Number of protein chains: 2
Amino acid sequence: MYDSDSFISLQNQASRFDSPEFHLKQMIKAPGRLEQFSLTVPGLFFDFSRQRLDQKIKNSLVTLARKSGAKKMFSRMVLGDKVNTTENRAALHTAARALVDTNLVPEDTGIMNDIKKVTRAIDIFSAKIRQGSLTGTRKKPFTDVVVVGIGGSYLGCEFVYEALKSCHTPKIALHFLSNVDIDNFAQVTADINPDTCLWIIVSKSYTTTETLANLAQAKAYLERNNLLPRDHLVTITAKGSPGDDPSNPVLESFDMFDFIGGRYSVSSAVGGVPLALAFGFDVFERFLKGCHTMDSHALCAAESENIPLMAALISIWNTRILGYTAQAIIPYSSALSKLAPHVQQLYMESLGKGVDSNGIPLLRPAGSIVFGEPGTNAQHSFFQLAHQGPAFPVEFIGVLAPGYAGEQVTSKGVFNHQELWANLIAQTLALAEGMDHEVPARAFTGNRPSSLLVVKDLSPESIGMLLSFYEARTVFEGFILGINPFDQFGVELGKVLASGIRKEMAEKNQNPDHSITHLDTTAAFYIRSLFAGKIG
Amino acid sequence: MYDSDSFISLQNQASRFDSPEFHLKQMIKAPGRLEQFSLTVPGLFFDFSRQRLDQKIKNSLVTLARKSGAKKMFSRMVLGDKVNTTENRAALHTAARALVDTNLVPEDTGIMNDIKKVTRAIDIFSAKIRQGSLTGTRKKPFTDVVVVGIGGSYLGCEFVYEALKSCHTPKIALHFLSNVDIDNFAQVTADINPDTCLWIIVSKSYTTTETLANLAQAKAYLERNNLLPRDHLVTITAKGSPGDDPSNPVLESFDMFDFIGGRYSVSSAVGGVPLALAFGFDVFERFLKGCHTMDSHALCAAESENIPLMAALISIWNTRILGYTAQAIIPYSSALSKLAPHVQQLYMESLGKGVDSNGIPLLRPAGSIVFGEPGTNAQHSFFQLAHQGPAFPVEFIGVLAPGYAGEQVTSKGVFNHQELWANLIAQTLALAEGMDHEVPARAFTGNRPSSLLVVKDLSPESIGMLLSFYEARTVFEGFILGINPFDQFGVELGKVLASGIRKEMAEKNQNPDHSITHLDTTAAFYIRSLFAGKIG
């Protein structure tokens, strides 16, 4: 794609933006700027008027998207084509929320039936647990759930859980046991009562090392507390995986499908089971509806009107052409505190690639760093650098209505939520405009790009739209760049090397005299240190 | 400094590292590599053998440090010189933990007396609260503390609290109310019992907008619960600030000093009061001891043996010369999950600058992005990009002994903590070595630099060493680059603009017809949307 006409045309236009008249403080003054560089869909508004682009660039970006066939690819994805070419799989996260809409349904009706079966099972199971008619060994209703899973098996679910908590009090509290670190296990078990805790094991292959190690700890913990694993364990795994084994009975088991990848799995059973247990199936269904609304928009809206597509194009413009190497995601909402970690995984794992979809090495690797903290916190953390250090684009997120509906007072004449917005607006303007000052330390160069995505509230529908927006944005960026946003071969080498080191450790556990001198110096040094409990 | 001989010499050597013989997979094979490129101090080990440098670069870096006078500056800092030149202040965080060591004590004995007075007051106050002899309005012992503060007033304390929890069960639980978002207030108050909750208001100036807004909510909350603010509020603020006002009585008040900046304040009352309440003063004192051990090392060790100084030099080499634009901090420890957010603030606010200490604009702005999540979680999140996307240096942190001491089982023949280390070792090697493969999608270019910092455990002493290591590393990097790591003028413009917008909102709260058409289009648009509860 880097040699395509539309890409080269964009590259040729980039230098134009070095000249003073294209400084953002000038550009944003143009009449109609906001109208011209914003898009809307009911419930969500995308303002990219403080990005470093003009109508000509916008047109060129849309042309790039059109020529790339990204929308066609999206359509093929939704219909169940094997768009994950390297792994020869479909990518049907959109089907998981297309329960009532024939527009977004794969051609293979068997797939839809399988999905519907799982969704019904979630509904029935979550109702039984929440009513207390299905209980653990001691016949007490469940109060807590530990989700055992790592990466895509928990980051999205954690984001949605934290977000929905602002409007819905969870009847059952969720805890996340992801890290193989035994201290993660200690942290989680400090907060639960074993009698009333359900453990959900999430692993498609049921071979994920961390998850299996934590499952082993969970089983031993249940046994120490005289509880039966079959009364306290639930599995979410692929049919036929080692976890799908009738000789190891569990309270309930839910199917994971090979056509929904980990980082796109929040709307499948991976998010569905824990979220329905916490908030009720109706809330989870409303969340799915929100996802679906944005999916429909992504599928149907023309390139020039398509919000996630436009966001993907801006990301390409910023990182592949203007040369920014990182992007910040700053939601002005405490409830969205886990959005950045989720998108960090979604984006960096999907797009951090060295080859295109045909396996041909890219001129330079794709992807950029995504990081973020909620505002106003971020202002008091790293915004010093954002304003006066090396620039990076920011994606701000604003929420019109907070979740809190209780009593409150004003401070300096405004409510907290207004103060939050005063700061959000101020930051977008400060980054763009900058400020001259005779003292260089007090001067701001400005011209620092940002977008602002606004949702109306923190309802399940809005959170669903946000989730789907980031999924679609990521997928579109992959399609336009011509890379596969669904595989992750880059995590394999670490696994292979860890497996070799683990083997040596296991040997040494059996036989303390087991020699490790054949290993690489570094590995031998640290294994020795670990076993000795001191360095060297 | 960019025109200094030693800096130019480093620049001239950089291209050498493009040639295959300087690929890390070759370099790390050299006999004695680990010994040559590692440093140790009792309790902490720093391995930089997988950084892209050789003895010649190391020597040039040490020369750069020597010529910069960074160690002399550190010494001046410790003695109380006004090294924060732009604000004409000392930077004496090291004095807050130098209680018994005359080596690290400022020349002005009045300062030490003031610090000691506060430390004694923390000891006495925390004992009374923990024993239950000092209680709230309803005469019940306190069980929870809400720390109200933002940025440096909470990030460091939160890091240390989470870290120490792995070995010490808090008698009093800490909660952090930082964000002005009313949903942050809702989250925090959902978890506490008002009768047994103490509120600590942390603000040096007592004018921080977020903190004052949350204080107003806290007071109203206490009143709604028929509790007296003077029984439930504690202040940590500068003498003479609006918070130091006898007509607003509080349960206790602690001094903050102008010679300890927010992001360096964990070892002052800012961290001391909450941490001593949670864990007891003895634990906090052990933490201070750990900080002090590392301070002494930073002060006394020669440049070539100085761990935080060497880490600062490597950061300069990577970001200013090799051209990496971000650094990841990946602790293989759940207990250190808040280390990266703390260092993100410490580093990006201290070093994200556009001018040098004399106020002269830099050739290009200083500082780089710092981000991170604990391993192994990070492996399942953004390590795809770390291995196959655009490269960034990683600082790994390993902990020899976990906090957890309870029962556990093995999985695949190893304990969880061994599995954690197997992965840590594997990742450092995989990034450095890479792997050839005939299928490009399965190939790894390697040559990706990382360091490994090892502490022996999660004791208060070790956590103190880690905290001080990052403080010293940051300060050294500022001194070598010739920038002031203690000021933050870059946050001012946002505050000024927010204040103007707040004023309009306050007017509009009083008078709904208040016109805002004189404002900038963007600001007017969003204020209108916020008041209308819908976009447009």
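What counts as what
- Residues numbered from 1 in each chain as written.
- Chains lettered and ligands numbered in written order.
- Predicted model: local features only at pLDDT ≥ 70, side-chain atom pairs only at ≥ 80, totals over all residues.
- Helix = DSSP H or I, 4+ residues; strand = E, 2+ residues; numbered from the N terminus.
- Buried ≥ 20, exposed ≤ 12 C-beta atoms within 10 Å, placed from the backbone.
- Contact = placed C-beta atoms within 7 Å.
- Domains from an automatic or database assignment.
- Nonpolar A, V, L, I, M, F, W, Y, C, P; charged D, E, K, R; others polar.
- Pairing = 2+ DSSP bridges.
- Axes fitted to C-alpha atoms, helices over the stretch in contact; angles between N-to-C directions.
- Parallel < 35°, antiparallel > 145°, perpendicular 65-115°, else oblique.
- Left-handed = near helix turned anticlockwise from the far one by under 90°.
- Least-squares fit on C-alpha atoms with pLDDT ≥ 70 in both.
- Expected span 1.5 Å × (residues − 1).
- pLDDT = per-residue confidence, 0-100.
- Core = buried A, V, L, I, M, F, W, Y, C linked by C-beta atoms within 7 Å.
- Right-handed = clockwise from strand over helix to strand, strands pointing away.

### Observations regarding the overall build of chain A
Next up, step 1: Regarding its fold elements, chain A presents 19 helices and eleven strands.
Next up, step 2: Overall, the C-alpha framework of chain A stretches about 70 × 60 × 55 Å when taken along its three principal axes.
Next up, step 3: Counting across all 536 residues of chain A, residues that qualify as buried make up 62%.
Next up, step 4: Residue pairs in contact within chain A that sit at least 24 positions apart in sequence constitute 73% of those at least 6 positions apart.

### Examining the domain arrangement of chain A
All names here are of chain A.
Next up, step 1: Domains assigned within chain A are domain 1 (5-31 + 39-68 + 301-403 + 414-487), domain 2 (93-286) and domain 3 (490-532).
Next up, step 2: Between the C-alpha centres of domain 1 and domain 2 the distance comes to 33 Å.
Next up, step 3: Each partner contributes to the interface: domain 1 provides 20 residues, whereas domain 2 provides 19 residues.
Next up, step 4: At the level of secondary structure, the elements contributing two or more residues to the side of domain 1 that touches domain 2 comprise α14 (339-351) and α17 (460-481).
Next up, step 5: Here the side of domain 1 that touches domain 2 takes seven residues from α14, the largest share from any one element.
Next up, step 6: Of the residues belonging to the side of domain 1 that touches domain 2, the class tally is ten nonpolar, six polar and four charged.

### Describing the sheet that holds strand β7 (residues 252-256) of chain B
Residues and elements named next belong to chain B.
Next up, step 1: On the basis of which strands lie adjacent, the open sheet formed by five strands has the order β4-β3-β5-β6-β7 and parallel pairing. In this open sheet, the two edge strands, each paired with only one partner strand, are β4 (173-177) and β7. Across the sheet, the axes of successive neighbouring strands diverge by a mean angle of 20°, strand direction being ignored.
Next up, step 2: In the sheet, strand β3 (residues 144-148) pairs with strand β5 (residues 197-202) via five bridges, with the strands oriented parallel. Bridging across to β5, Val 145 finds its partner in Leu 198.
Next up, step 3: Contacting β3, β4, β5, β6 (233-238) and β7, helix α11 (residues 269-279) runs over the sheet at an angle of about 140° to β7.

### With respect to the packing of helix α7 (residues 155-164) of chain B against helix α17 (residues 460-481) of chain B
How two helices sit against one another is set out by the angle between their axes and by the gap between those axes.
All names here are of chain B.
Next up, step 1: α17 packs onto α7 with a crossing angle of 150° between their chain directions and a minimal axis gap of 10 Å. The pairing of α7 with α17 is recorded here as roughly antiparallel in orientation. As for the relative orientation of α7 and α17, their crossing is right-handed in sense. Residues Gly 156, Val 160, Ala 163 and Leu 164 of α7 lie in contact with α17, whose contacting residues are Pro 460, Ile 463 and Leu 467.

### Some details on the relation of the copies chain B and chain A
The relation between the two copies of this chain is a rotation about an axis and a shift parallel to it.
Next up, step 1: Superposing chain B onto chain A requires a rotation of 180° together with a translation of 0.0 Å along the rotation axis, leaving an RMSD of 0.0 Å. Taken together, these values place the two copies in the relation of a two-fold axis.
Next up, step 2: Take the interface residues of chain B: 100% of them recur as interface residues in chain A, which is what a same-surface contact looks like.

### What about helix α6 (residues 109-131) of chain B?
Residues and elements named next belong to chain B.
Next up, step 1: An ideal rise of 1.5 Å per residue puts 33 Å on 23 residues; α6 measures up with 33 Å between its terminal C-alpha atoms.
Next up, step 2: Those residues of α6 not exposed but buried are Ile 115, Thr 119, Ile 122, Phe 125, Ser 126 and Ile 129.
Next up, step 3: Of the surrounding elements, those touching the buried residues of α6 are β7, α11 and α12 (281-300).
Next up, step 4: Gly 132, located one to two residues past α6, shows a positive phi value of around 85°.

### Some words on unusual backbone geometry
Next up, step 1: The linkage connecting Gly 375 of chain A with the following residue, Thr 376 of chain A, adopts the cis geometry, with an omega of 5°.
Next up, step 2: Here Thr 376 of chain A shows up in the loop between β9 (369-371) and α15 (383-388).
Next up, step 3: In this structure, Asn 88 of chain B takes a positive phi of about 50° despite not being glycine.
Next up, step 4: Among the structural elements, Asn 88 of chain B can be located in the loop between α5 (70-79) and α6.
Next up, step 5: In this structure Asn 88 of chain B comes out as exposed when scored by C-beta crowding, with 8 C-beta atoms within 10 Å.
Next up, step 6: Unusually for a residue other than glycine, Lys 412 of chain B sits at a positive phi of about 50°.
Next up, step 7: With respect to the element layout, Lys 412 of chain B can be found in the loop between β10 (394-399) and α16 (416-433).

### Looking at the sheet that holds strand β4 (residues 173-177) of chain A
Residue and element names in this part refer to chain A.
Next up, step 1: With parallel pairing, five strands are arranged side by side in an open sheet as β4-β3-β5-β6-β7. Because the sheet does not close on itself, it has two edges, and the strands there are β4 and β7 (252-256). Pairs of neighbouring strands in the sheet enclose a mean axial angle of 20°, with direction left out of account.
Next up, step 2: Direction of pairing for strand β6 (residues 233-238) relative to β7: parallel, over a ladder of five bridges. By the bridge assignment, Thr 237 is partnered in β7 with Asp 255.

### Side note on helix α14 (residues 339-351) of chain B
Note that an α-helix has 3.6 residues per turn; residues three or four places apart therefore point the same way.
Next up, step 1: In this model, α14 of chain B (13 residues) spans 18 Å end to end at C-alpha, consistent with the 18 Å of a helix rising 1.5 Å per residue.
Next up, step 2: Within α14 of chain B, 13 of the 13 residues are buried, leaving the element largely enclosed by the surrounding structure.

### What to know about the pairing of β6 of chain B
Two faces, one strand: in a regular strand the side chains alternate between the faces of the sheet.
Residue and element names in this part refer to chain B.
Next up, step 1: Within β6, five of the six residues are buried, which leaves it mostly tucked inside the rest of the structure.
Next up, step 2: Note that β5 and β6 share four bridges and pair parallel. Across the sheet, Ile 201 pairs through a bridge with Thr 235, a residue of β6.

### Observations regarding the environment of Gly 359 of chain A
Next up, step 1: Within the secondary structure, Gly 359 of chain A sits in the loop between α14 and β9.
Next up, step 2: For Gly 359 of chain A, a count of 15 C-beta atoms within 10 Å puts it in the partly exposed group.
Next up, step 3: As a C-alpha pair, Gly 359 of chain A and His 292 of chain A span 67 residues in sequence and 32 Å in three-dimensional space.
Next up, step 4: When near neighbours in sequence (up to four residues on either side) are disregarded, Gly 359 of chain A contacts Val 439, Pro 440 and Ala 441 of chain B.

### Digging into the interface of chain B and chain A
Next up, step 1: Facing 127 residues of chain B, the contacting portion of chain A comprises 127 residues.
Next up, step 2: Listing elements by their share of the side of chain B that touches chain A, those giving two or more residues are α8 (182-190), α9 (209-224), α14, β9 (369-371), α15 (383-388), α16, α18 (492-510) and α19 (521-532) of chain B.
Next up, step 3: Taken together, the residues that form the side of chain B that touches chain A break down as 62 nonpolar, 49 polar and 16 charged.

### Observations concerning the confidence of the model for chain A
As a note on interpretation, predicted positions should not be read in detail where pLDDT is low.
Next up, step 1: Summary statistics for chain A give a mean pLDDT of 96 and a share of 99% for residues scoring 70 or more.
Next up, step 2: With pTM at 0.97, the complex prediction returns an ipTM value of 0.97.

### Some words on the environment of Ser 468 of chain A
Residues and elements named next belong to chain A.
Next up, step 1: Position of Ser 468 among the secondary structure elements: in helix α17.
Next up, step 2: For Ser 468, a count of 28 C-beta atoms within 10 Å puts it in the buried group.
Next up, step 3: When the C-alpha positions of Ser 468 and Ala 498 are compared, they lie 34 Å apart, and in sequence the two are 30 residues distant.

### Quick word on the nonpolar core
Here is a general trend for soluble globular proteins: nonpolar side chains tend to be buried in one another's company.
Next up, step 1: By size, the foremost hydrophobic cluster in this structure holds 361 residues, and its most contacted members are Val 147, Val 160 and Ile 200 of chain A together with Val 147, Val 160 and Ile 200 of chain B.
Next up, step 2: Apart from the residues within four sequence positions on either side, Ile 200 of chain B is in contact with Val 145, Val 147, Val 148, Val 234, Ile 236, Val 273 and Pro 274 of chain B.

### Comments concerning the environment of Thr 40 of chain B
Next up, step 1: Tracing the chain through its elements places Thr 40 of chain B in strand β1 (residues 38-41).
Next up, step 2: Distance in space between the C-alpha atoms of Thr 40 of chain B and Ile 307 of chain B is 7.5 Å, their sequence separation being 267 residues.

### Quick notes on the pairing of strand β8 (residues 326-331) of chain A
All names here are of chain A.
Next up, step 1: Burial analysis of β8 places six of its six residues in the buried class, which makes it a mostly covered element.
Next up, step 2: Where burial is concerned, the two faces of β8 agree: the one with Ala 326, Ala 328 and Ile 330 and the one with Gln 327, Ile 329 and Pro 331 are both buried.
Next up, step 3: With three bridges connecting them, β8 and β9 associate as parallel partners. When the bridges of β9 are listed, Gln 327 appears paired with Val 370.
Next up, step 4: After leaving β8, the chain enters α14 and then returns to the sheet as β9, a path that is right-handed.
Next up, step 5: Note: β8 against strand β10 (residues 394-399), four bridges, orientation parallel. Its bridge partner being in β10, Ile 329 is matched across the sheet by Glu 395.

### Remarks on the packing of helix α4 (residues 55-68) of chain B against helix α13 (residues 307-321) of chain B
All names here are of chain B.
Next up, step 1: Closest axis-to-axis distance for the α4/α13 pair is 10 Å, and the angle between their directions is 110°. In terms of axis orientation, α4 runs roughly perpendicular to α13. Here α4 contributes Ile 57, Leu 61, Leu 64 and Ala 65 to the contact with α13, which in turn contributes Leu 309, Leu 313 and Trp 317.
Next up, step 2: In terms of residue class, the contact of α4 with α13 is made up of seven nonpolar, no polar and no charged.

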